[in-house]
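# Results of the structural survey
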Amino acid sequence: MLKSDGEIDRGLREIVPEQAAVVQRIFAEYGQGVTAGMIARRLNADRIAAPKAVGWNAMTIRGRPSHADGILRNRAYLGEIVWNRRHRIVDPTSGQSRRRLNPVGERVVGTVPEYRIIDDAVWAVVQARLDADAAPPNAGTGQQKFWEKRRGRYLLSGRLICGKCGAPFAANTRKTYTCNNVQRGMCDNRAAICRDVLEERVLETLAEKMMDPEVVQAFAEEFAAEWNRLTTQLQAAAPKLQRDLDVAERRLANLLEAIADGLRGPRLQAKLEAAEAETQRLHAAISNARPAIIRIRPDIGAVYRAKLQGLRAALAAADDPAALEAARALIERVIIHPAGRRGVPDITVEGHLAAMLDMAQPGLGSGAASESSSGLARAISTGVSNAQDLIGSIREPD
């Protein structure tokens, strides 16, 4: 399009419905737990045109946290355009040019709501998963340690431990696991087990022998007793916390009044910041002193087993990354012991308690971390102490 002076009007954009649908599909699938690599393979299989002729790949979809690039990090889909993100530098020796990111403060952000194709809720879910999946940076170099976030390719990748020496069990062939220390002459546990056979044994143990109704009942009773004790303690402390808060708020009001009257100085500012921090701390403590009522559903064991059977069916039916990750989350570790009389090794399956509780009663297990200050984590820990079979530690003989 030409402007009135005859020059090309640059920077104009428009939404192409077919391409917008692809972007929305990518956001939806990633938000549902599908990996970027799997999304790329699906798009290539469906012969959907990629931004570049070489086809779709995980980096095109996921991008890099340090560069805020990739489809899933592109704020244009939120209706925001960012200018001056990068600058170009030229190597005086070679003449080659490179692009470098500008500081955030130098960038210019404009709002163009007519270009929005992703809503805030979907964006928030995707960004939370991107942050969770991002590799932590090395404290010394700042480089991302990507290997710490590499997903397990199989159900038991990174979960297998030798019952004799404690070393990892790893794949020595395409489908067989053995102890890493055997070949080094440091362990005599020569058990070898086929991946498919081991996975089936572990899934069967998870589905049929964990969350036993009697054990779950014992856990629920212990949890309720500990939760009631902690709630009583917290509620007993609430009146004193409220008195402390009243004093802190009066102190803060006096400091603000002094500043309004014209008093200034670094010591006064430091007192103001300390008073604000103390007020916020007491507000949080009072909030935690009113814990929510948490009850464990009586059929939690049956619900867990029913859902796990559905998960097993999903794993058997297709290549489902979300089902694989959900199943992996239930497994803390699997200990492989020396082979028995029939040449088949015993295994000990240790389940992940929080993931099991979350599967049967969403929010219960994950709440242990988010509400540890209110005692939920301690209540769960106490409940398990007298019901150890709930979290697995089930040894399957040959």
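The rules behind the values
Every chain begins its residue count from 1, and numbering advances along the sequence as written. Note on the predicted model: pLDDT of at least 70 is required for a residue's local features to be given, and 80 or more for side-chain atom pairs to be given and counted; whole-chain, interface and lining totals, by contrast, use all residues. Excluding hydrogens and water, the side-chain figures rest on all heavy atoms present in the structure. Helix and strand labels come from DSSP, where a helix needs a run of H or I of at least four residues and a strand needs a run of E of at least two; each type is numbered from the N terminus. For each residue, the accessible area found with a 1.4 Å probe, counting protein chains only, is set against the maximum for its type, and the residue is called buried under 20%, exposed over 50%, and partly exposed in between. Note on definitions: a residue-residue contact is assigned when non-hydrogen atoms from the two residues lie within 4.5 Å. Note on areas: Shrake-Rupley, 1.4 Å probe, and residue coverage restricted to the protein chains presented here. For every residue, the predictor reports its confidence as pLDDT, a number between 0 and 100. Strands were regarded as paired on the criterion that DSSP finds at least two bridges between them. To estimate how far a helix should reach, multiply one less than its number of residues by 1.5 Å. For helices, the fitted line uses only the C-alpha atoms of the stretch in contact; every axis is such a line through C-alpha atoms, and the angle between N-to-C directions lies from 0 to 180 degrees. By the definition adopted for this analysis, an angle is roughly parallel if under 35 degrees, roughly antiparallel if over 145, roughly perpendicular if from 65 to 115, and oblique otherwise. By convention the crossing between two helices is left-handed if the near helix lies anticlockwise of the far one by an angle smaller than a right angle, and right-handed if it lies clockwise. Only Asp, Glu, Lys and Arg are considered charged in this grouping, and only Ala, Val, Leu, Ile, Met, Phe, Trp, Tyr, Cys and Pro are considered nonpolar; every other residue, Gly among them, is considered polar. By nonpolar core we mean a set of buried residues, namely Ala, Val, Leu, Ile, Met, Phe, Trp, Tyr and Cys, connected to one another through side-chain atoms within 4.5 Å. Counted as positive: Lys and Arg. Counted as negative: Asp and Glu, with His and the chain ends omitted from the count. Each salt bridge in this description consists of a side-chain nitrogen of Lys or Arg and a carboxyl oxygen of Asp or Glu lying within 4 Å of one another. Distance and chemistry together define a polar contact, namely a pair of N or O atoms within 3.5 Å, with one atom able to donate a hydrogen and the other to accept it when in protein, and with adjacent residues in sequence counting only for side-chain atoms on both sides. Aromatic pairing here means that ring centres of Phe, Tyr or Trp (its six-membered ring) are within 6.5 Å. Orientation follows from the plane angle: under 30 degrees is stacked, over 60 is edge-to-face, and everything else is tilted.

### Digging into the overall build of the protein
- Helix and strand content of the protein: 12 helices and 11 strands.
- Counting all 398 residues of the protein, 36% fall into the buried class.
- Looking at the protein alone, contacts between residues at least 24 apart form 60% of all its contacts between residues at least 6 apart.
- Summed over all atoms, the accessible surface of the protein reaches about 23,800 Å², with 52% contributed by carbon and sulfur.

### Side note on the confidence of the model for the protein
- Overall, the prediction assigns the protein a mean pLDDT of 78, with 80% of residues at 70 or greater.
- Across the protein, element-level confidence peaks in strand β5 (residues 160–162) with a mean pLDDT of 94 and bottoms out in helix α11 (residues 367–370) with 45.

### Here we look at the sheet that holds strand β7 (residues 176–179)
- The sheet built from 3 strands is open, its strands ordered β6-β7-β8 with antiparallel pairing. Each edge of the open sheet carries a strand with a single partner, namely β6 (169–171) and β8 (193–194).
- Here β7 runs beside β8; their pairing, made up of 2 bridges, is antiparallel. Looking at β8, one finds that T176 is bridged to C194.

### What about helix α1 (residues 17–31)?
- Relative to the 21 Å expected for 15 residues at 1.5 Å per residue, α1 spans 21 Å between its end C-alpha atoms, a close match to the ideal helical length.
- Of the surrounding secondary structure, the elements contacted by the buried residues of α1 are α2 (36–45), α3 (58–62) and α4 (120–133).
- Immediately downstream of α1, the backbone of G33 shows phi near 105 degrees, a positive value.

### Remarks on the packing of α1 against α4
- Contact geometry for α1 and α4: axes closest at 9 Å, N-to-C directions at 55 degrees. Considered as vectors, α1 and α4 are oriented oblique to each other. As α1 runs across α4, the sense of the crossing is left-handed. Side by side, α1 and α4 meet where F27, Y30 and G31 of the first sit next to V122, W123, V125, V126, R129, L130 and D133 of the second.
- The residue inventory of the contact of α1 with α4, partitioned by class, reads 7 nonpolar, 1 polar and 2 charged.

### Here's the deal with the nonpolar core
- Ranked by internal contacts, the top residues of the largest apolar core, which has 43 residues, are L198, V202 and L206.
- Sort the elements by how many residues they give to this core and helix α10 (residues 353–360) lands first, with 6 residues.
- Sequence-distant contacts of L206, defined by excluding residues within four places in its chain, comprise Y304, L308, L330, I331, V349 and M356.
- Counting 24 residues, the second largest nonpolar core, distinct from the first, contains I26, Y30, I39 and I61.

### Some remarks on the side chain of R73
- Counting through the fold element by element, R73 comes out in the loop between α3 and β1 (80–83).
- The charged side chain of R73 is buried without a salt bridge, its nearest counter-charge being D131 at 5.1 Å.
- A polar contact of 2.9 Å, which involves the side chain of R73, links it to the backbone oxygen of R62.
- Once you skip the residues sitting within four places of it in the chain, R73 turns out to touch R62, G63, R64, P65, A68, W123 and L130.

### Side note on the pattern of salt bridges
- For the coordinates displayed, the defined rule picks out 12 salt bridges.
- Here the salt bridges share partners, and the residues they tie into one network are R25, E29, R42 and D46.

### A word on unusual backbone geometry
- Even without a glycine there, the phi angle at R47 is positive, about 55 degrees.
- A relative accessible area of 78% means that R47 is categorised as exposed.

### Let's talk about the packing of aromatic side chains
- Summed over all chains, the structure comprises 2 aromatic pairs.
- Judged by centre distance (6.2 Å) and plane angle (85 degrees), the rings of F27 and Y77 are edge-to-face. Within this pair, whereas F27 is found in helix α1, its partner Y77 is found in the loop between α3 and β1, the two being separated by 50 residues in sequence.
- When its relative accessible area of 1% is taken as the criterion, F27 is described as buried.

### Topic: the environment of L130
- Mapped onto the elements of the fold, L130 is located in helix α4.
- Remark: the alpha-carbon pair of L130 and R73, spanning 57 residues in sequence, is separated by 8.8 Å.

### What to know about the environment of D69
- For D69, the position within the fold is in the loop between α3 and β1.
- Considering only alpha carbons, one finds D69 and M59, 10 residues apart in sequence, at a separation of 9.1 Å.

### Description of the packing of helix α8 (residues 300–317) against helix α9 (residues 321–329)
- As a packed pair, α8 and α9 sit with axes 9 Å apart at the nearest point and diverge in direction by 135 degrees. Between α8 and α9, the angle falls in the class oblique. Crossing handedness for the pair α8 and α9: left-handed. Taking contact as the criterion, the partners of L311, A314 and L315 in α8 are, on α9, A323, L324, A326 and A327.
- Residue composition of the contact of α8 with α9, grouped by class: 7 nonpolar, no polar and no charged.

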